[in-house]
Structure formats: structure tokens, C-alpha cells
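Examining the three-dimensional arrangement
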Amino acid sequence: MRRTVFNEDHEAFRETLRAFIEAEVVPVYDEWFAAGQAPREFYYKLGELGVFGINVPEEFGGAGLDTHKFEAVLYEETARAGVSFGGSGVHVLLGLPYIKLLATDEQKKRYLPKFVTGEEMWAIAMTEPGTGSDLAGMKTTAKLSEDGTHYVLNGAKTFITGGVHADRMIVCARTSAPREDDRRFGISLFVVDTKAEGYSVGRKLDKLGLKTSDTAELAFVDVKVPVEDLLGEENKGFSYLGHNLASERWGIAFGAYAQAKAAVRFAKEYVQQRTVFGKPVAAFQNTKFELAACQAEVDAAEAVADRATKALDAGELTPAEAASAKLFCTEVAHRVIDRCLQLHGGYGFMNEYPIARLYADNRVNRIYGGTSEIMKTIIAKDMGL
């Protein structure tokens, strides 16, 4: 079944990206894994490669495209190689949509050129200790100074991907108290310079998976944020957060599908090489049946992921459709990766094998961006239930 989601430009990018990964990432990935993060210098290389500027307007140094298909290729190629690009994923998938949607022309001139080159890495700080998915319950505050020149930011955030290396952090904070009839009112978004006095990075969190992605706790003590760095309108931050959920969930869905596809590739290669009882593991009927069943699931997930990609590029991906794609692809990946690890036997439990790392990395897909249970709630509501 021939895919129609990619064209010659995407395939040319795939070839370039695959060569880059083989030369710049695979040889040093074990070092990144042991260190718990990719080196900051690596992001400059991604900037030079043009990864960060694909969807940035040409006047700010980007390619001026408006598509998520190059991101999709990136998901497939990193998964295929059993690697990741560290915490840089949030830079484009989460940071850029807010800049393009909310930034003024003056802000774009300040933010985007260094965004494209990797000189300034971006991340977003939403989750707080004790609130989890309940963003309306956030306690971090931003109070306007008496002279009206800046906001004073106080509070804490946790589970912030890209939080160690970030140079600019989009911080969600309360500028007004919630209304009785609307808990979501009163949240605003700010672009915070991570070198600002009072801004501090706490623990680099030790996660089950995604070991090369820097994830941190943040603290803000009387951090001064110039009014020029308010992103969008005051008190409307919650609606902005919801606006980008479809693309975020698409990214998780497509990434999960790509991981499942890679898992089948890893398992197929392993069982063809591994010999048991005098013959390759691939020769056993159970092995063939297991991999055939996994391939069928991956084919289905690919169709869902591709359809969501086309809808997203066309501006037609609804919240319920994004939730459905995320739910389906992440659940498929969970099942497929587990079965492919089983085919590796004891070696599948060793971190030197990519399937083990993939197993750990994949687990969070059913949690972040909205849990599977939240996705089911959104879908059911769309069904009128």
C-alpha cells in the first residue's frame, strides 16, 4: 500500500536526516544516554541543518513552509535509528506554534532569528507540583509592577522538558484570580529569559525513559519579566494552551506510531540473527505470527497517523480527532513494543539494545499531552455521550 503523505522534498529531507543521524548522533548516543541529556552544542548543529526553521517565515531566517510533514519524517528517522534529539522536540513542536500565533511583529523580530539557529532554545512551563493536568489550578503568579514596566513572577514548575538547556521559557502564570464561573480565567503567558535574576533550574529529573531529554524543576523568585514579553493578551492564556493541543497530540501520536514501526524492524533483525535450538528464532511459527500481528497493527497506526497529518496541515484536525489518533497510536505502540521486546528474550531487557530503551521511552506517550483516560473522555463527549 503506497503512502501518499510524503513527496520528493520530504524524501530528500529523509535522506539528509538519515545521513546526519548516522554521522552525528549514533556514534555518541551512548554517551548522551549515560549523561542524561544531549549536549547543548548539538542544537547548533540542528540549527545549521535547518530543522528548526522549516515552519519559520523567510524574513526571520526560516524556510517559510507551513507543514508538519518534515517533523513527521524526523519522528520516523530518529525512531528508526533508536535515538532522539534530546529535549529539542519541544522547541519546535511546542514553542514555535505559540510564537507564530501570539507574538507581535516586534517580538517575532526579537525571538525568531535565534530560534532558527538554535542560539536560543525554547520550552514551555505549564505543569506545577500538585496540579498535574489541572492547569486551571496553577499557583504561579505574575503581578504587574506599580510603574507598569514589568511583571513580577513567583512560583514553581515541574516536569519541564527542555528545562535544563532552555534559553527562553514560555511560563504560564496567574495574572488575575479565577472567576467563580470560570476557573480558567486569569492565566497569562510570558516569555522569560532563563538568565533573569531569580530564575533557577532545580533538579534534572531522573526519568524511567527519555533519558537523553533534559527534564527539570523550575523556580521563580521575584523574576522581573518586561511587559514587552507578555505573549498574547493578559488573562487569556488558557484558551491559547487549548489552541495548540491538537498539534501537540498529533506529534505524540505520530511519534508513537514511528516507535512501533521501529520496534518491528529491531525485532525482525534480531530474530533473523539469533539462533536457538540450532535454527534462527525467525524460523519458528510463533515468531512469524507475532511479527505478522505487530506489522498489521503498525499498518493501521500508520494510516491513522498519516490521516491526522494531512488533516493537521489542512487546518482540519479537530480536538476529538487528535485525541482519537493519540489514543489509538499510543496504545498500538504499547502493545507492539512489548511483543517485540518479548521476542528479544533476556537481551530485550538490556539497555544496550534499542528495544529496551524504546520500551521505556514509549511509556510516557499514554500520559503526557493528556492521558489515555482524558483522550477517551474527549472522544466520548464528541460522540454525544
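Whatever comes next refers back to the structure up there.
Heads up: these notes are all about the structure in this document. Since this is a predicted model, take the numbers as computed values, not measurements.

Some details on the packing of aromatic side chains
For the structure on display, the rule yields 18 aromatic pairs. Ring plane angle 55° and centroid distance 6.0 Å describe the contact between Tyr29 and Trp32, whose orientation is recorded as tilted. Placement of the pair is Tyr29 and Trp32 together in helix α2 (residues 29-35), with a separation of 3 residues, close to one helical turn. The same class applies to Tyr29 and to Trp32, which are both buried. A ring pair is formed by Tyr347 and Tyr353, whose centres lie 5.6 Å apart and whose planes are at 50°; its orientation type is tilted. Its relative accessible area of 39% is what places Tyr347 among the partly exposed residues. Of the residues examined, Tyr353 reaches a relative accessible area of 24% and is grouped as partly exposed. Directly above the aromatic system of Tyr44 lies the positively charged group of Arg40, at a separation of 4.8 Å from the ring centroid. Cation over ring: Lys279 sits above Phe284, and NZ or CZ is 4.6 Å from the ring centre.

Topic: the packing of helix α1 (residues 8-25) against helix α3 (residues 40-49)
A packed helix pair is summarised by two numbers, namely the angle formed by the two axes and the spacing between the axes. Packing of α1 against α3 leaves a shortest axis separation of 12 Å and a crossing angle of 160°. In terms of axis orientation, α1 runs roughly antiparallel to α3. Relative to α3, the crossing made by α1 is right-handed. Only Phe42, Lys45, Leu46 and Leu49 of α3 make contact with α1, whose side of the interface consists of Thr16, Leu17, Phe20, Glu24 and Val25. Residues belonging to the contact of α1 with α3 are distributed by class as follows: 6 nonpolar, 1 polar and 2 charged.

Re the pattern of salt bridges
Enumeration according to the criterion identifies 23 salt bridges in this entry. When the shortest N-O distance is used, the salt bridge between Glu77 and Arg18 registers 2.7 Å. Highlighted residues: Glu77 in helix α4 (residues 69-81) and Arg18 in helix α1, separated in sequence by 59 residues. Taking the relative accessible area as the measure of exposure, Arg18 reaches 31% and is therefore partly exposed. Notably, a salt bridge pairs Asp30 with Arg357, separated by 2.9 Å at the nearest N-O pair. Separated by 327 residues along the polypeptide, Asp30 in helix α2 and Arg357 in helix α11 (residues 354-362) bring together distant segments of the chain. Each of the salt bridges in this network shares a partner with another, and the network as a whole consists of Arg3, Glu11, Arg14, Arg18, Glu76, Glu77, Lys261, Glu302 and Asp306.

Calculation notes
Chains are numbered independently. Their residues run from 1 in the order of the written sequence. Under the rules for a predicted model, residues below a pLDDT of 70 receive no local features and side-chain atom pairs below 80 are neither given nor counted, while totals for whole chains, interfaces and linings still include all residues. Just so you know, side-chain values use all the structure's heavy atoms and leave hydrogens and water out. Pairing of aromatic rings covers Phe, Tyr and the six-membered ring of Trp, with a centre-to-centre limit of 6.5 Å; geometry is then stacked below 30 degrees between planes, edge-to-face above 60, and tilted otherwise. Starting at the N terminus, helices and strands are each numbered in turn, a helix being any DSSP run of H or I of at least four residues and a strand any DSSP run of E of at least two. For the exposure calls, accessible area comes from a 1.4 Å probe over protein chains only, and a residue counts as buried if that area is under 20% of its type's maximum, exposed if over 50%, partly exposed in between. Each ring is checked for a lysine NZ or an arginine CZ that lies within 6 Å of its centre and within 35 degrees of its normal; such an atom marks a charge sitting over the ring. Lines fitted to C-alpha atoms define the axes here, with helix axes fitted over just the stretch in contact, and angles between the N-to-C directions of these axes take values from 0 to 180 degrees. Oblique is the label for every angle not falling under 35 degrees (roughly parallel), over 145 degrees (roughly antiparallel), or within 65 to 115 degrees (roughly perpendicular). Here a crossing is called left-handed whenever its near helix is offset anticlockwise from the far helix by less than a right angle, and right-handed whenever the offset is clockwise. Residue contacts are counted whenever heavy atoms from the two residues lie within 4.5 Å of one another. When residues are grouped by polarity, Ala, Val, Leu, Ile, Met, Phe, Trp, Tyr, Cys and Pro land in nonpolar, Asp, Glu, Lys and Arg in charged, and all others, Gly among them, in polar. Here, a salt bridge means any side-chain nitrogen of Lys or Arg that lies within 4 Å of a carboxyl oxygen of Asp or Glu.

So yeah, pure geometry; function would need other evidence.
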